[in-house]
Amino acid sequence: MAPLGTLIGPMVNARNYKARIVAKFLGLDIETTPEFQMGVDNKTPEYLAKYPAGKVPVFEGADGFSLTDSSAIAYYVASKSGSESTLLGQTPEETGEILQFILFAEADYSPAMAGTIYPLLGYMPLVKPAHQQAEQQLARFLGVLNTLLVDRTFLVGERLTIADVVVACDLITTYKLYLEEADRKQYRNLTRYFKTMVAQPAFKAVIGDVELCKERVKAAAPAKKEKKEKKPAQEPKPKAEKPKPKPAEVEEEEEAAPAPKPKSKLDLLPKPKMVLDEWKRFYSNNDTKPTAMNWLWENFDDEGYSFWKV
C-alpha cells in the first residue's frame, strides 16, 4: 500500500504521536521526517511560505492535500479507515462526544499543562502568579477527567476512539514530568486510564514504554554572575608646576589641611558572598516553600548577613 502522505515534524513529540498512532491502529502507512529540527526547519522561508504559522506537525498528502494542527491531522487519518472503523464513533452522538473531548484537550487542558510545565523547563518565563493560576487550572482539568473515568475504560463508548488517542497523547508530558506517585494516587481513575492507553499495541509501537514521573521537574535556580574585579584606576599624570611667585616679606601661616573623615565601621566589613538581587529574583519567581526557602538556606552567607527578630 502506498503511503498516505508525509507527517512533517520532530519524531519525539506528543503532538507528532497522534496521527502515527492512528495510522498504526488502522494499518496505514505514513512517512515521517526523522531529521526534522524543531525551531530550525519550521523557521525557513520555504516552510513559512507554505505554513505561515510555523506550526508542527503538518501533513502533506500523496494527493497534494495538506493540513496543520495535530488533532485535525489525526482526525483526517482516522477518516481514511472507512465505515468499519470505530475510531470516529458509530453514531452521530458518539462523534459529537469525540469532538467534545478533542476540543477539551486542546482548548482547556493543553494550555493549562503548558502554563504549568513549560516555565519549569525554561520554555516560557516563570511568572509566579500566572504559574500558580495555571497549576490550579491543570489540577481542575485533571480532576474533571478523573471524575468522568470513574466507571469508564474509554472516553466514548466501549472501544478506543480518536478521542482516547488525542487525550492520552496530551497527558504524556504531565505523567512523565509532573505527576509524582502521590499525585497519581489522587487521580486513580485517570492514571488507570492512561496506563491502559499507553499499553495498547499501537501506542507502544510509536512511543515505546512511558516512564512515569519519579520527581517533579523544578525550575532551575538563576545562574550566579561572576563579578569581574575592577582594575585600579590609573593615577593622573602630574601637571607641570607653574613657577611660584616670590614670597612676600612676611608670610602668613598656611591653613592646616582638614583631617580625613574616619571610615564607617561597616565599610571595613568583608564583601558578602550572597547577592541580595539574586535572592529577590528567585523569591519572586518561585514558590516560597520549599523552593525559595531551600535556595536561601543553600546560599545564605552568615558572615555577611544575619536574621534579627524585632
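Whatever comes next refers back to the structure up there.
A.B. asks: What am I meant to see in the pairing of strand S2 (residues 58–61) here?
C.D. replies: Note on strand geometry: in a regular strand, side chains alternate between the two faces of the sheet. As defined by bridge partners, strand S1 (residues 5–8) adjoins S2 across four bridges and the pair is classed as antiparallel. Each bridged residue has a counterpart across the sheet, and for Gly5 the counterpart in S2 is Gly61. Inspection of the sheet shows S2 paired to strand S3 (residues 66–68) by three bridges, in the antiparallel sense. If you follow Glu60 over to S3, its bridge partner there is Ser66.

A.B. asks: Is there a simple way to think about the nonpolar core in this case?
C.D. replies: By size, the foremost hydrophobic cluster in this structure holds 61 residues, and its most contacted members are Ile162, Leu171, Leu190 and Phe203. Looking at this core, the elements that each hand over two or more residues are helix H1 (14–26), helix H3 (70–79), helix H4 (92–121), helix H5 (128–148), helix H6 (162–177), helix H8 (188–198) and helix H9 (201–207). Apart from residues no more than four positions distant in its own chain, Leu171 is found in contact with Tyr109, Leu142, Leu190, Tyr193 and Phe194. Counting six residues, the second largest nonpolar core, distinct from the first, contains Ile8, Phe36, Tyr47 and Val56.

A.B. asks: Hey, could you run me through the pattern of salt bridges in this one?
C.D. replies: Where charged atoms from two side chains of opposite charge approach closely, those side chains can pair. Within the structure shown, the criterion is met by nine salt bridges. Within the structure, one salt-bridge network assembled from shared partners comprises Arg15, Lys18, Glu106 and Asp170.

A.B. asks: What exactly am I supposed to notice about the packing of aromatic side chains here?
C.D. replies: How two aromatic rings sit relative to each other is set out by the distance from centre to centre and by the angle between their planes. One pass over the structure, following the stated rule, counts seven aromatic pairs. Between Phe59 and Tyr76 the ring centres are 5.7 Å apart and the planes differ by 55 degrees, which places this aromatic pair in the tilted class. Of the two residues, Phe59 is situated in strand S2 and Tyr76 in helix H3; the sequence distance between them amounts to 17 residues. A relative accessible area of 0% means that Phe59 is categorised as buried. For Tyr76, a relative accessible area of 17% corresponds to the buried category. Relative to Tyr123, the ring of Tyr118 lies with its centre 5.6 Å away and its plane at 65 degrees, an arrangement referred to as edge-to-face.

A.B. asks: Honestly, unusual backbone geometry in this entry has me stumped. Any pointers?
C.D. replies: A cis amide bond links Val56 to the next residue, Pro57, at an omega of -5 degrees. Among the secondary structure elements, Pro57 is positioned in the loop between helix H2 (45–50) and S2. In this structure, Asp69 takes a positive phi of about 80 degrees despite not being glycine. Secondary-structure assignment places Asp69 in the loop between S3 and H3. Looking at Asp69, the relative accessible area reads 25%, which means it is partly exposed.

A.B. asks: Would you mind showing me how to read the environment of Asp302 here?
C.D. replies: Along the chain, Asp302 falls in the segment after helix H11 (288–299). Residues Asp302 and Lys273, 29 residues apart in the sequence, show an inter-C-alpha distance of 9.3 Å.

Criteria and cut-off values
- Residues numbered from 1 in each chain as written.
- Predicted model: local features only at pLDDT ≥ 70, side-chain atom pairs only at ≥ 80, totals over all residues.
- Heavy atoms only, no water.
- Pairing = 2+ DSSP bridges.
- Helix = DSSP H or I, 4+ residues; strand = E, 2+ residues; numbered from the N terminus.
- Core = buried A, V, L, I, M, F, W, Y, C linked by side-chain atoms within 4.5 Å.
- Buried < 20%, exposed > 50% of the residue type's maximum accessible area, 1.4 Å probe, protein only.
- Contact = heavy atoms within 4.5 Å.
- Salt bridge = Lys/Arg side-chain N within 4 Å of Asp/Glu carboxyl O.
- Phe/Tyr/Trp six-rings, centres within 6.5 Å; stacked < 30°, edge-to-face > 60°.

Interpretation in functional terms is not warranted from these geometric data alone.
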